[in-house]
Amino acid sequence: MRKLLLLCVAFHVSAICLAQVKVQYLQTENAVNPICIDAANPRFSWQLDAGDKRGVMQTAYELKVSSAKGKHEAWKTGKVSSDQSMYIIYKGEPLASGQKYIWQVRVWDNAGKASAWSEPASFGVGMLNAADWKAKWITPGFVEDSVNRPSPLFRKGFSLNKKVASAMVYITSHGLYEAQINGKRVGDAFLTPGWTTYNKRLQYQAYDVTNLLQTGANAVGATLGSGWYRGHIGFSNQKNYYGKDIALLLQLEVTYTDGSTESIASDDTWKSSTGPVRFAEIYAGATIDNRMQVKNWSTAAFDDKSWSGVTVKDYTKNTLVATVNEPVRKHETFKPVKIFKTPKGEEVIDFGQNLVGWVQMKVSGNAGDTIRLSHAEILDKPGNFYTDNLRAARAQDIYVLKGGGEETFEPQFTWQGFRYIKVEGYKKDLNAAAFTAIALYSDMKPTGTFTSSNDMINKLQHNIQWGQKGNFLDVPTDCPQRDERLGWTGDAQVFSRTATYNMNVHNFFTKWLKDVAADQYTSGSVPFVIPDVLGNDKNEQGGSTGWSDVSVIVPWNMYLAYGDKQILENQYSSMKAWVKYMQDKSKNDLWNTGFHFGDWLFYSVNDDTDGTSAITSKFLIAQCFWAHSTQLMIDAARVLGKKDDEAVYTASLASIKKAFVNEYVTPNGLISSDTQTAYVLALEFDMLPENLRQQASDRLANNIRRYGNHLTTGFLGTPYLCHVLSRFNHADVAYRLLLQDTYPSWLYPVKMGATTIWERWDGIRPDGSLETPTMNSYNHYAYGAIGDWMYRVVAGIDTKEEGPGYKQIIIKPTPGGNMTNIEADYNTNYGKVSSHWKIDGGNLLMHVEIPANTTATVYIPAANAAGITEKGVALSSAPGVTMANESTTGYVAVNVGSGVYDFSTAKP
């Protein structure tokens, strides 16, 4: 009997434990166990795992931070009554540079139950002050080849006479670097230290190298490349934008088991030479001569007596900042899908996917044998290797063999955008096993998946994702293949919300926005590209509507997606400066001056004789975006509690909209530019009086029909097109556009074999001919902004502005088109949100998943609640489901908490 009683007690305790909420996915500054941050007051976040239990909320938390060894408590909050699980600001004792900290958290749920303490999480503190740097900047001690600029090697031998407990190395450079310790690569990041506004913000990286060190003799080394810092970048053969030098700053901090420490830092005792990287430029590619290999150069056994010394330079350390965003790493690999000869006799390999990165090649041959790998995105109409659209970018890697066995080559300090490579100098038959294409992009965590019953739409989603992968390479570039690869602001702002659904771009954009502010001109104008390598304060290359608005739109989009108010706080002065610039350039509340790109790459017709080209007034567009950015300033000011600013911008917005109507709209509601983009922007940004909005949307729908159910929008109109149509009861027209597969449309490139998003709607024309090579990228993500509508409207996953970051969720799907099944899953900061819908005979089935510590309003497409069930139970009786106090035509709205819900209703 006693045994039975004990068993029952054990079972009861086990059941209680199982019912408890679990705390998981702890993050410090939006990263899991970061080893180097330089925030004096970092922020902590976590998720709750409540299984499928419904309605679970956090009501309190307790958090504690201690030194890595756990002997010293730096901060303990005590029990705090709050449902906040994101961005808890550290308020403990001052953190120390170079130290590691451990933290844990536990929570109480709305049933009054406390969770167990979480598993420990950690964070390392970097260099909080410039004085923490003992290392000195060093440059090569030899006279560099000023033409080819072979990559310099730096090395230092040293001894460690005690047992090592831990070791961290901190590295940055003028140019790019790759480091080694005892012959092994340090870390798995590439193109470090990344691209920032170097003269104001230079990132450094930290690596845990404990396992690379040994008691006794050791060596550390680094190879440098010109990169963005002094290589060719921008237009007109521009180089040395940030400086002519190439330099290294490296500091190795060793802690011994007895608690003592030692530093090995770059200084005048280091040595320098060159090695096999004889040339490396971003646009041109790399030349690697294996005959110039220096065997074991980064090991302790190497004799560097013949090497040159180094020159110590007094370059500033005041601009050094810890890395915020994820580094560039290797990702997917691709083997050849086809090896063939073109009509011209070129030997070409097709990897089946337009990607960004490089090709690894294995080959054997004689010393001096030279192999050239050229890169291209497409073949021309006859089927030949096509590189005209690369413009001045050579995009070619050259490898020289040393002989004596199989050699493995891959480039350094460059990358290419390609699907095809042309191989020259390979003296054997091309073998698929010898070639591997490697994708390279910032290591952002995937967040969203979107699949449908339509295979073409699934391919479109694939292309959107690969456009993002290829162009989110430390900065959001416009394209990855030609002599450009710049952080174009217009492209970034139109795609930014879509980007959040595909990947976690929180830190990626946080880092880049700091450079937006750093490079902003004193006038308030924002450059066309960030980092800015096209202009300066004396020669502003900026101020274009829809491009410079990146300074306002992207911070707001990041706030919506991640609920991070600090982004708005950090960017607020930059946001204000841009809006003031527009105000300063206006007269009588009209902004109708200056240079603007307009609705870039809109639909146009050569030899247009009847006005078919969809030309929208640039100044009309400017007025709309001025209003939009002003509205976002109102919203940001409200979030930040800046009531005076909110009042000023509210009054300004009314004047801007009034001037728009007076200048561009007839009394009957005809907009002077009778184009899709004009109506889309006027409706999306609420430029029209309410009594003119529905007729304007009808004009838009009729315009689309006049073009045979085709879009005519460019970069600025396209992102909002389907949003406006579905908002104003033309979702059927939006679906026709989405499913259109003839030019111009989203599915036309898919039908033509695209594996990424094109820059132009007709990059390859229906007859197989190609658009002008001067500007015709086949990996250009801007038009992929339709992904935002697919997630937010088709699947219906969105966040309420009053509960940003998906603290308060909206699930509002829009069935339509020929779709019978949509499945969208999105990993928010709180956990996974799912919205699946399926047409099953005469029924619409909805599967919804809501994470713990959030709430959601679910909109079920139905005329009324009478026929709706949840897991077979009438809606009025479903546990955890309450009717929402709102009325939305065509939907029944219910409020739910966390959990998994399955709704069924008659097909709308």
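Scoring rules and cut-offs
- By convention here, each chain's residues receive numbers from 1 onward along its written sequence.
- Per-residue local features are limited, in this predicted model, to residues with pLDDT of at least 70; the limit for side-chain atom pairs, both in listing and counting, is 80 or more; totals at the level of whole chains, interfaces and linings are taken over all residues.
- With hydrogens and water set aside, each side-chain value is computed from the structure's full complement of heavy atoms.
- Whether a set of points on the 1 Å grid over the protein atoms alone is a cavity depends on a 1.4 Å probe fitting there but being unable to get out, while an open set qualifies as a pocket with protein on both sides within 12 Å along at least five of seven lines; lining residues are those with an atom within 4 Å of a point.
- Grid points are joined across faces, edges and corners, and a volume is the space filled by probe spheres set on the points.
- Runs of E in the DSSP output that reach at least two residues are strands. Runs of H or I that reach at least four are helices, and both are numbered from the N terminus.
- For two strands to be treated as a pair, DSSP must find at least two bridges joining them.
- The buried label goes to any residue with under 20% of its type's maximum accessible area, the exposed label to any with over 50%, and the partly exposed label to all in between, with areas taken from a 1.4 Å probe on protein chains only.
- Two rings belonging to Phe, Tyr or Trp (six-membered ring only in the last case) form a pair when the distance between their centres is within 6.5 Å. Interplanar angles under 30 degrees mark stacking, angles over 60 mark edge-to-face geometry, and anything in between is tilted.
- Axes here refer to lines fitted to C-alpha atoms; in helices the fit is confined to the stretch in contact. Angles between the N-to-C directions go from 0 to 180 degrees.
- Here the angle decides the label: under 35 degrees means roughly parallel, over 145 means roughly antiparallel, 65 to 115 means roughly perpendicular, and every other value means oblique.
- Definitions for this section: a left-handed crossing has its near helix turned counterclockwise from the far helix by less than a right angle. A right-handed crossing has that turn clockwise.
- Contacts were defined at the residue level, with two residues in contact if any of their heavy atoms lie within 4.5 Å.
- Each residue gets one of three labels, nonpolar for Ala, Val, Leu, Ile, Met, Phe, Trp, Tyr, Cys and Pro, charged for Asp, Glu, Lys and Arg, and polar for the others, Gly among them.
- A pair of sulfur atoms, both from cysteines and within 2.5 Å, is called a disulfide here.
- Throughout, nonpolar core names a set of buried Ala, Val, Leu, Ile, Met, Phe, Trp, Tyr and Cys residues whose side chains join them through atoms within 4.5 Å.
- Whenever two N or O atoms come within 3.5 Å, that pair is a polar contact, provided that in protein one can donate a hydrogen and the other can accept it, and provided that, for residues adjacent in sequence, both atoms are side-chain atoms.
- Note on definitions: salt bridges are taken to be side-chain nitrogens of Lys or Arg within 4 Å of carboxyl oxygens of Asp or Glu.
- The span you would expect from a helix comes to 1.5 Å times its residue count less one.
- What we call the bend at a residue is the angle made by axes fitted to the seven residues finishing there and the seven residues starting there.

> Explain the layout of surface pockets residue by residue, including any values.
The computed volume of the largest pocket comes to approximately 1700 Å³. If you list the elements that add at least two residues to the lining of the largest pocket, you get helix H4 (489-502), helix H6 (550-562), helix H8 (618-640), helix H12 (718-727), helix H15 (786-795), strand E36 (797-799) and strand E41 (855-861). Volume-wise, the second largest pocket comes out at about 1000 Å³. Lining the second largest pocket are 43 residues, with Ala31, Pro34, Thr323, Val324 and Asn325 sitting closest to its centre. If you list the elements that add at least two residues to the lining of the second largest pocket, you get strand E1 (22-28), strand E14 (202-208), strand E22 (320-322), helix H5 (506-519) and helix H7 (565-585).

> Got a sec to walk through the sheet that holds strand E12 (residues 176-181)? Specific residues and values, please.
Taken in spatial order, the five strands make up an open sheet running E13-E12-E15-E10-E18, and their pairing is antiparallel. Each end of this open sheet is capped by a strand with a single partner; those strands are strand E13 (184-185) and strand E18 (271-274). In terms of strand pairing, strand E10 (residues 152-160) meets E18 through four bridges, oriented antiparallel. Within the sheet, the bridge partner assigned to Arg155 lies in E18 and is Lys271.

> I'd love a proper account of the pairing of strand E7 (residues 100-109), names of residues and values included.
Along a regular strand, successive side chains alternate from one face of the sheet to the other. Among the 10 residues of E7, eight are classified as buried, and the element is accordingly described as predominantly covered. The sheet contact formed by strand E3 (residues 58-67) and E7 spans nine bridges and is antiparallel. When the bridges of E7 are listed, Leu63 appears paired with Val105. Across four bridges, the pairing between E7 and strand E8 (residues 121-124) is antiparallel. Looking at E8, one finds that Tyr101 is bridged to Phe123.

> Hey, could you go over the packing of aromatic side chains for me, with residue numbers and the actual values?
What the rule picks out here adds up to 59 aromatic pairs. Both rings, one in Phe44 and one in Trp103, keep their centres 4.6 Å apart while their planes meet at 45°; by these two values the pair is tilted. Here Phe44, found in strand E2 (residues 43-49), pairs with Trp103, found in strand E7; they are 59 residues apart in sequence, far enough to count as distant. Taking relative accessible area as the criterion, Phe44 reaches 0% and is therefore assigned buried. Given a relative accessible area of 0%, Trp103 falls into the buried group. Taken together, Phe44, Trp46, Tyr61, Trp75, Tyr90, Tyr101, Trp103 and Phe123 form an aromatic cluster joined through their ring pairs.

> Can you lay out the packing of helix H11 (residues 690-706) against H12 for me, pointing to particular residues and giving the numbers?
At a minimum axis separation of 10 Å, H11 and H12 run at an interaxial angle of 125°. With respect to each other, H11 and H12 are oriented oblique. In the packing of H11 onto H12, the handedness of the crossing is left-handed. Taken together, the residues of H12 that come into contact with H11 (itself represented by Arg693, Leu700 and Ile704) are Leu721, Val724, Leu725 and Arg727.

> Hey, could you go over the packing of H8 against helix H10 (residues 676-684) for me, with residue numbers and the actual values?
Contact geometry for H8 and H10: axes closest at 9 Å, N-to-C directions at 20°. It follows that H8 is roughly parallel to H10 by the angle criterion. Crossing geometry of H8 relative to H10 is assigned as left-handed. Two secondary-structure elements touch here, H8 through Leu620, Ile621, Cys624 and Phe625 and H10 through Thr677, Ala678, Leu681 and Ala682. Of the residues belonging to the contact of H8 with H10, the class tally is seven nonpolar, one polar and no charged.

> Residue-level account of the pairing of strand E26 (residues 370-376), with values.
In terms of burial, E26 is largely enclosed, as five of its seven residues are buried. Pairing geometry for E26 and strand E29 (residues 396-400), over five bridges, is antiparallel. Looking across to E29, one finds that Leu373 is bridged to Asp397. Alignment of E26 against strand E31 (residues 416-424), held across five bridges, turns out to be antiparallel. Opposite Ala376, over in E31, you have Tyr420 as the bridge partner.

> Can you break down the state of the cysteines residue by residue, with the values?
Within the structure shown, the criterion is met by zero disulfides. There is no disulfide at Cys722, and the cysteine sulfur nearest it, in Cys624, is 18 Å away. Residue classification places Cys722 among the buried residues on the basis of a relative accessible area of 1%.

> Give me the nonpolar core: which residues, what numbers.
Counting 208 residues, the largest nonpolar core has Trp228, Phe435, Leu460, Val505, Phe509 and Trp789 as the members making the most contacts within it. When residues of this core are assigned to their parent elements, the largest contribution, 13 residues, is made by H8. Contact partners of Leu460, with chain neighbours within four places excluded, come to Leu738, Trp746, Leu747, Val750, Ile757, Ile786 and Met790. Formed by 28 residues, the second largest nonpolar core is a distinct cluster that contains Ala167, Val186, Leu250 and Tyr256.

> Tell me about the side chain of Asp549, and name the residues and values.
Topologically, Asp549 is positioned in the loop between H5 and H6. A polar side-chain atom of Asp549 sits 2.9 Å from a polar atom in the side chain of Trp578. Non-local contacts of Asp549, meaning those with residues more than four positions away in its chain, are made with Trp578, Met582, Phe625 and Ser629.

> Can you tell me about the sheet that holds strand E45 (residues 891-896), naming the residues and giving the values?
Sheet strands pair via backbone hydrogen bonds, and the direction of the pair is either parallel or antiparallel. Spatially, the five strands line up as an open sheet ordered E36-E37-E41-E45-E44, and their pairing is mixed. Edge positions in the open sheet fall to E36 and strand E44 (881-883), since each of these has one partner strand only. With direction set aside, neighbouring strand axes in the sheet form an average angle of 30°.

> Describe the environment of Glu886, with residues and values.
Among the structural elements, Glu886 can be located in the loop between E44 and E45. Judged by its relative accessible area of 38%, Glu886 falls in the partly exposed class. Spatially, the C-alpha atom of Glu886 lies 20 Å from that of Tyr901, the residues being 15 residues apart in sequence. Side-chain polar atoms of Glu886 contact the side chain of Tyr859, separated by 2.7 Å.

> Please set out the pattern of salt bridges residue by residue, giving values where relevant.
Following the criterion strictly, the structure yields 42 salt bridges and no others. Residues Asp443 and Arg329 are paired through a salt bridge, measuring 2.7 Å at the closest nitrogen-oxygen approach. With Asp443 in the loop between strand E32 (435-442) and strand E33 (448-452) and Arg329 in strand E23 (residues 328-334), this residue pair connects regions lying 114 residues apart in the sequence. The exposure class assigned to Asp443 is partly exposed, which follows from its relative accessible area of 28%. Take Arg329: its relative accessible area is 24%, and that puts it in the partly exposed class.

> So, H7: which residues are in play, and what are the values?
In this model, H7 (21 residues) spans 30 Å end to end at C-alpha, consistent with the 30 Å of a helix rising 1.5 Å per residue. The largest bend in H7 amounts to roughly 55° and is located at Gln571. For H7, every residue scored as buried is listed here: Ile567, Leu568, Gln571, Tyr572, Ser574, Met575, Trp578, Val579, Tyr581 and Met582. Buried-residue contacts for H7 involve H5, H6, H8 and helix H9 (643-664). Where H7 begins, the side chain of Asp564 points an oxygen toward the backbone nitrogen of Gln566, at a separation of 3.0 Å.

> Give a description of H11 that names residues and reports values.
The terminal C-alpha atoms of H11 lie 25 Å apart, and with 17 residues this matches the ideal 24 Å at 1.5 Å per residue to within 8%. Contacts made by the buried residues of H11 are with H10, H12 and helix H13 (731-739). Just past H11, the residue Gly708 takes up positive phi, approximately 70°.

Geometry only, nothing functional implied.
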